[in-house]
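Summary of structural features
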Amino acid sequence: NIIWQDWTANTISAGNQLIVKLNEYYQEKAEYPDELVDLTPDYLDSLPALGYRYRIESFNYSTGDESFVLSFKAGNITYGVYDSGEPSKKWKVDTL
């Protein structure tokens, strides 16, 4: 589905922007923020809006001591996950 592929690419692009800012935060503070909103306003003016076509409102985020996980879902199904602790440093994305 071309709409789904477009949406996924846009969501990953927004996620990549967050990843850059999360890493900048870590470089300056030696820890990741507790919540994504902690990136505003010093690192981002606002968090990326993902739209509502597939009921995506925001990224899900969790952090450990030296890594974080960023993911996105449509409804209750997780479609994309980025784990900074994984050696590949790539998004794992399920397709429709």
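Residues numbered from 1 in each chain as written. Predicted model: local features only at pLDDT ≥ 70, side-chain atom pairs only at ≥ 80, totals over all residues. Heavy atoms only, no water.

Remarks on the sheet that holds strand β3 (residues 77-83)
Backbone hydrogen bonds are what pair the strands of a sheet, in a parallel or an antiparallel way. To keep it simple, the criterion reads: For two strands to be treated as a pair, DSSP must find at least two bridges joining them. Only DSSP runs of H or I covering at least 4 residues are called helices, and only runs of E covering at least 2 are called strands; the numbering of each starts at the N terminus.
Pairing is antiparallel in the open sheet, where 4 strands are placed in the order β1-β2-β3-β4. Each edge of the open sheet is held by one strand with a lone partner, namely β1 (60-63) and β4 (92-93). Strand direction decides the pairing type here: β1 and strand β2 (residues 68-74), joined by 4 bridges, are antiparallel. Considered in β2, the bridge of Thr63 is made with Phe68.

What about the side chain of Ser71?
Here is the rule: Relative accessibility under 20% of the residue-type maximum defines a buried residue, over 50% an exposed one, and the middle range a partly exposed one, all with a 1.4 Å probe and only protein chains included. By definition in these notes, contact holds between two residues if any of their heavy atoms fall within 4.5 Å.
Tracing the chain through its elements places Ser71 in strand β2. When its relative accessible area of 10% is taken as the criterion, Ser71 is described as buried. Setting aside residues up to four positions removed in sequence, Ser71 forms contacts with Phe59, Asn60, Thr78, Gly80, Val81 and Trp91.

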